[in-house]
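Observations on the three-dimensional arrangement
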Amino acid sequence: MTLYALVDCNSFFCSCERVLNPSLNGKPVIVLSNNDGVVVARSKEAKALGIEWNPFYKIRELVKQHNVQYFSSNYPFYKEMSGRVMHTLGTFTSKLEHYSIDEAFLDLTGIQNPDAYARQIKQTIQQWTGIPVSIGIAQTRTLAKVANRLAKKSLKAQGVLDLSHSPYLDLALSRTLVSDVWGIGRRWGRKMEAAGIKTALDLKNTPDSLLIKQFNNVVLMRTVYELRGVSCVPPIVPVVSKSIMSSLSFGAYVETLTELKQAIAMHTTQAAQKMRLEGLTARGVYVFIKTNRYREQGPQYSNGLHLTLPYSTDLTSELIHWAMEALEQIYREGYLYNKSGVMLCDLSPANEIQVSLLDPYDRERTTELMGALDRINQRYGSGTLRYGAEGFSKRWKMKQEHISRRGNSTKGLSPFQQMTPVNELGMSLQVVKTL
C-alpha cells in the first residue's frame, strides 16, 4: 500500500519572522503584501482576532488595539528558509515532491511506524530551521491533505495525524467541508453544496453515475477516488516554464526614462537568474510599462513590446541590452508610471541550443561567468553582485516600511540556522560588510 505524508509549514511567512525574532512567539503576527498593501499571512493568534486577508489600512485600529506585530514581506528570506526546510526533508527521503514554497509530499511507503517517523521529521525541522510544521499521513495525496488540515487544528494530534489505518477516517472526512477538499475549491464547492454534497464524506459516498451526470469532470472523479483510498493523482513534477516574468508596482510614481531603465534592468536581471536556475535560455523579450488606471487625475498610458532576438541567450547583460531597446521604443514623456515588467519568452533548454555563426559571444566563457554570478547571489543574497544599469538610489523601489531586521545574535539557533546570517534584503551581513 502506498503511503504519503504532506508536510506543511505553519503560518510560514509569520514563522520565518519568528525565526528572526523569537520574542514574537505567542504574539499575533501578520505579514503584508508588496508595497505593504494587503495581509498575506497571519499567525494563529492573529486569526483568533478575526484578521482576514484585509487591506492593511482597514485594520490599523484593530492592529493597534491588540498590539499586532506587522511586517513587510521579505520574499528572498522566505525563499531561503523554504530551501532549508526542503533540504531537511531531503535527508529523510529522496522521494520528495515540492508542492509550494511551504508544502511538500513525501512518499513513506514501507516505513514501519509512519507516525513516529513523521514526529521525528517534525522535531528535526523545528530544531534545524526553527519552522514549525504539521504533517498529515494517508494512502493518497488528497487524504494526506485532509489529515494535514486536521493535524493543524487538533490539540490531541500535536501536529501529526496518521489516517492510513485509522478507524476515524470517515469521521475526519465528515468534519471536512467539501470546498476544503484539495482540488475542489469554492466554485465547485458551491455547486456541490446546492446538490446536497456538503462534506468530504458526502463526496466520497456519492455514486459515480450521479457525479458524472452533474459534473462530468475527470479531475473531480480523480479526487473522489483519492478520497476512497485509490491513489491516482500523478506525481508532482517541476513544470518547465514557457515564460518567466518579473514585474513590480512602484512605491512612488516614476516619470523619467532613466528611472524606468533602472527598473527594467532589475527585472531583466531577476528573470534571467530564474531562467538559468531552470537551465533555460530566451529567444524573446517582452517589456511593458503602465500608469495607474485607478488614479482619477492625469493622463493614462500603457504599452508593451515583444522583441525576437537574433539568437537564444541566457546572458544577463545581453538581455538587458534588448530590454532597453524595447523600453526606449514604448516610453512616452509626460506620464506618471506606477508599474513595469519584463517577460523572457520563447524559452528552450540551454543544452539544446545550436550556436549561431553570428553569435558574438564565447558561450562557454559567459556560461561560467553567469554561473559564478548566480552562485554568489544565491549564497549571499539577491543583489550582492549586480549590474550598474540597475542603479543604486531607487526612489521608486517597493514600499517595505515595516521589514524585519535581524540582530547579530545567533544564540539559541542550531548550526544549520546559523549558516547564513541574512538581513532584510536577503543579503549576507558579513559579506556586505567585507565588500
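Residues numbered from 1 in each chain as written. Predicted model: local features only at pLDDT ≥ 70, side-chain atom pairs only at ≥ 80, totals over all residues. Heavy atoms only, no water.

Moving on to the overall build of the chain. Of the regular secondary structure elements, the chain holds 15 helices and 12 strands. A burial count over the chain gives 48% of its 435 residues as buried. The contacts in the chain between residues at least 6 apart in sequence include a share of 70% that link residues at least 24 apart. For the chain, the exposed surface amounts to about 22,800 Å²; the carbon and sulfur share of it is 52%. (Helix = DSSP H or I, 4+ residues; strand = E, 2+ residues; numbered from the N terminus. Buried < 20%, exposed > 50% of the residue type's maximum accessible area, 1.4 Å probe, protein only. Contact = heavy atoms within 4.5 Å. Areas by Shrake-Rupley, 256 points an atom, 1.4 Å probe, with all protein chains shown as cover.)

Looking now at the sheet that holds strand E7 (residues 133-138). Judged by pairing direction, the sheet is mixed, and its 5 strands sit side by side in the order E5-E6-E1-E7-E8 without closing on themselves. A strand with exactly one partner marks an edge of an open sheet, and here the two such strands are strand E5 (96-100) and strand E8 (160-162). Geometrically, the sheet is characterised by an average inter-axis angle of 15° between neighbouring strands, direction not taken into account. Bridging between E5 and strand E6 (residues 103-107) involves 4 bridges; their strand directions are antiparallel. The residue of E6 that forms the bridge with His-98 is Ala-104. Each of strand E1 (4-9), E5, E6, E7 and E8 touches helix H6 (residues 141-153); the most contacted strand, E7, lies at about 140° to it. (Pairing = 2+ DSSP bridges. Axes fitted to C-alpha atoms, helices over the stretch in contact; angles between N-to-C directions.)

Before going further, it helps to spend a moment on the environment of Thr-268. Structurally, Thr-268 can be placed in helix H12 (residues 257-277). A residue is classified by how much of its surface remains accessible, and Thr-268, at 0% relative accessible area, is buried. Separated by 19 residues in sequence, Thr-268 and Val-287 place their C-alpha atoms 9.3 Å apart. In this structure Thr-268 touches Leu-319, Ile-320, Ala-323 and Val-342, once residues within four positions along its chain are discounted.

To continue, consider the side chain of Thr-316. Take Thr-316: it is sitting in helix H13 (residues 316-330). Taking relative accessible area as the criterion, Thr-316 reaches 0% and is therefore assigned buried. Once you skip the residues sitting within four places of it in the chain, Thr-316 turns out to touch Thr-269, Ala-272, Arg-276, Met-370 and Tyr-387.

Before going further, it helps to spend a moment on unusual backbone geometry. Unlike most non-glycine residues, Ser-11 shows phi in positive territory, near 40°. Its place among the elements puts Ser-11 in the loop between E1 and helix H1 (12-20). If you check the backbone angles, Asn-216 has positive phi at about 45° while not being a glycine. Of note, Asn-216 is situated in the loop between helix H10 (208-214) and helix H11 (218-227).

The next subject is the pairing of E6. For E6, the buried fraction is high: 4 of the 5 residues fall into the buried class. Pairing of E1 with E6 involves 5 bridges; the strand directions are antiparallel. Each bridged residue has a counterpart across the sheet, and for Val-7 the counterpart in E6 is Ala-104.

Under the definition given, this model contains 12 salt bridges. Glu-80 serves as the salt-bridge partner of Arg-84, at 2.4 Å between the closest nitrogen and oxygen. Note that Arg-84 and Glu-80 are positioned in helix H4 (residues 75-90) at a spacing of 4 residues, about one turn of the helix. Among the residues examined, Arg-84 registers a relative accessible area of 8% and is labelled buried. (Salt bridge = Lys/Arg side-chain N within 4 Å of Asp/Glu carboxyl O.)

Relative to the helices and strands, Ser-82 is located in helix H4. With 21 residues separating them in the primary sequence, Ser-82 and Glu-103 have C-alpha atoms 9.0 Å apart. When neighbours within four sequence positions are excluded, Ser-82 is seen to be in contact with Phe-12 and Ile-101.

Here the focus is the sheet that holds strand E3 (residues 39-42). What the 3 strands build is an open sheet, ordered E3-E2-E4; its pairing is mixed. Looking at the sheet topology across the chains shown, the edges are occupied by E3 and strand E4 (69-72). Mean inter-strand twist for the sheet, computed between neighbouring axes without regard to direction, equals 25°. Where strand E2 (residues 29-32) lies against E4, 4 bridges are found, and the strand directions are parallel.

Next up on the list: the confidence of the model for the chain. Across the chain, pLDDT averages 85, with 88% of residues at or above 70. Averaged pLDDT values over the elements of the chain bottom out at 30 in helix H15 (residues 429-434) and peak at 96 in E7. Confidence over residues 407-435 falls short of pLDDT 50; this stretch has 53 contacts with residues more than four positions distant or in other chains. (pLDDT = per-residue confidence, 0-100.)

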